[in-house]
Amino acid sequence: MTVVDQGRPVAGILWMLATGLSFVAVTGTVRHLGTGLPAVEAAFIRFVYGIVFFAPTLLPAFRRAQAAGVWPLVAGRGAFHVLAVTLWFFAMARIPVAEVTAIGYLNPVVVTLGAALFLGERLAARRLIAIVVALVGAMIVLRPGVREVSTGHIAQLGAAMCFGVSYLFAKRLSASLSPATIVALMSLTVTVGLAPFAIAVWVWPSLEQLGWLGVVAAFATLGHYTMARAFAAAPLTVTQPVTFLQLVWATALGWFAFGEAVDPFVLAGGALIIAAISYMTWREAQLKRRAVTPPPEAAKI
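Residues numbered from 1 in each chain as written. Predicted model: local features only at pLDDT ≥ 70, side-chain atom pairs only at ≥ 80, totals over all residues. Heavy atoms only, no water.

Trainee: Residues and numbers for the overall build of the protein, please.
Mentor: Of the regular secondary structure elements, the protein holds twelve helices and zero strands. Starting at the N terminus and walking to the C terminus, you meet the elements of the protein as α-α-α-α-α-α-α-α-α-α-α-α. Overall size of the protein, expressed as C-alpha extent along the three principal axes, is 55 × 55 × 35 Å. Approximately 13,500 Å² of the protein is accessible, and the part contributed by carbon and sulfur atoms is 72%. (Helix = DSSP H or I, 4+ residues; strand = E, 2+ residues; numbered from the N terminus. Areas by Shrake-Rupley, 256 points an atom, 1.4 Å probe, with all protein chains shown as cover.)

Shown next, in the form of C-alpha cells:
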C-alpha cells in the first residue's frame, strides 16, 4: 500500500492557493457569460466538455460501478448534482461573485448535518456550536429583512444544500470506488441528467459562449486536480484556512471586473463560516479522528 506523505505544508498551501484561484476563475467566467444562455443549458455544455476530458476513463468506470453494484448511489448523486449545478449557474449570473462564494462555504455544514442524520456519525457539541456559528455567518451575508434576498441568493442556498447531499453520496461511493471513478461517473450521469432539460430550453450558443464554457470546464478540472495535490501534500488543518482567500479574490474580481461593491458584511460572514468549518476540522485532527467535513471546494462543479 502506498503511503501518502502529508508532511509538506508549504506545498499544500501553494496547491490550495492554486485551487482557490482556479475556482475563482470558474465563477468569474460564468459571471462574464451572464444570462445569455439558460442556466441548465450552460451547465450541460460545461459537462459535455467534462465528458471529453474524462472520455478515456468512462468505460472502465462504468464496468467498475456495474461490478460493485452501486448504480443507485451513482444515479442519486447525479440527480442532486444536476440540480446543484443548475442552481449554481442561475445564481452566478445574478448575484455578486463574492456572495456566491461566501454562501458556497455552507456546503460542509450540509455535509456535517447529513452525515449525522443519514450516515450515523456522531454530532458532538463542538460541531453543533460550529454549525450555529456558520449559520450566523450566512445570516450576516444574506441579511434578510435588512435588504432584499433575491432569487439568486435562494438559488445559491439551494445549490449549497444539493452540493452537500451530492458529497454524501460520494462519501458512500468511496467505500467501493476510487476517486477517479467517482468523478468520471459523476460527469457522465450529470451530462445525461441535464440533457433533456437543456434541450427543452435550448438556445443556440455562439462560438464565443462555447469558448468561455470550455474555459469554465478547464479551470474546474484544474481546480479539482490542484485540490487533490493539496490534500496529498498536507492535512486539512493546514490547507482549509487557506480557502478563505478565495473569498478575498472573488471580492477583488467582482470589484475590478464587474464593478461590484465591496460588501464588508459578506467578508465578515464568509470569514465566520470558514472559521467555524476550520475549527471543526482542527478538532477532528486533535482527536485523531478521520475528518468527515470537506472543504468548500470539495463539492465544486
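From this point on, the discussion continues.
Trainee: Explain the packing of helix 4 (residues 97-104) against helix 7 (residues 151-173) residue by residue, including any values.
Mentor: Taken N-terminus to C-terminus, the directions of helix 4 and helix 7 make an angle of 35°; their axes are 9 Å apart at the nearest point. Seen from above, helix 4 lies across helix 7 with right-handed handedness. Note on element contacts: helix 7 touches helix 4 through H153, Q156, L157 and A160, opposite E99, V100, I103 and G104. Along the lines of polarity and charge, the residues of the contact of helix 4 with helix 7 split into four nonpolar, three polar and one charged. (Axes fitted to C-alpha atoms, helices over the stretch in contact; angles between N-to-C directions. Left-handed = near helix turned anticlockwise from the far one by under 90°. Contact = heavy atoms within 4.5 Å. Nonpolar A, V, L, I, M, F, W, Y, C, P; charged D, E, K, R; others polar.)

Trainee: Lay out the nonpolar core in plain terms, naming residues and giving numbers.
Mentor: Grouped together as the largest cluster of nonpolar side chains are 36 residues, with contacts concentrated most on V85, W88, F89, V190, L194 and L213. For this core, the secondary structure elements donating two or more residues are helix 1 (9-33), helix 2 (39-68), helix 3 (71-92), helix 4, helix 7, helix 8 (179-200) and helix 9 (207-233). Excluding residues that lie within four positions of it along the chain, L213 makes contacts with L33, L37, A42, I45, Y49 and F89. (Core = buried A, V, L, I, M, F, W, Y, C linked by side-chain atoms within 4.5 Å. Buried < 20%, exposed > 50% of the residue type's maximum accessible area, 1.4 Å probe, protein only.)

Trainee: How would you sum up the layout of surface pockets? Please name residues and give values.
Mentor: Considering only enclosed or pocket space, the second largest pocket measures out at about 210 Å³ in volume. L106, V109, V110, L113, G114, L117, L135, A138, M139, L157, A160 and M161 together form the lining of the second largest pocket. At the level of secondary structure, the elements contributing two or more residues to the lining of the second largest pocket comprise helix 5 (107-118), helix 6 (125-142) and helix 7. Looking at which element gives the most residues to the lining of the second largest pocket, the answer is helix 5, with five residues. Of the residues that constitute the lining of the second largest pocket, the class distribution is eleven nonpolar, one polar and no charged. (1 Å grid on protein atoms, 1.4 Å probe; cavity = no way out; pocket = protein on both sides within 12 Å on 5 of 7 lines; lining within 4 Å. Points joined across faces, edges and corners; volume = space filled by probe spheres on them.)

Trainee: So, the confidence of the model for the protein: which residues are in play, and what are the values?
Mentor: Mean pLDDT over the protein stands at 84; residues scoring 70 or higher make up 91%. When pLDDT is averaged over each element of the protein, helix 3 comes out on top at 93 and helix 10 (residues 236-239) at the bottom at 69. (pLDDT = per-residue confidence, 0-100.)

Trainee: Got a sec to walk through the environment of W202? Specific residues and values, please.
Mentor: Positionally, W202 belongs in the loop between helix 8 and helix 9. Of the residues examined, W202 reaches a relative accessible area of 31% and is grouped as partly exposed. Along the chain, W202 and Y105 lie 97 residues apart, while their C-alpha atoms are 31 Å from each other. Apart from residues lying up to four places away in sequence, W202 is in contact with E41, F44 and I45.

Trainee: Can you break down the packing of helix 1 against helix 3 residue by residue, with the values?
Mentor: Where helix 1 meets helix 3, the closest approach of the two axes is 8 Å, and the angle between their N-to-C directions is 65°. The angle between helix 1 and helix 3 places the two elements in the roughly perpendicular class. On the side of helix 1, the interface is formed by V26, T27, V30 and R31, while helix 3 contributes W88, F89 and M92. (Parallel < 35°, antiparallel > 145°, perpendicular 65-115°, else oblique.)

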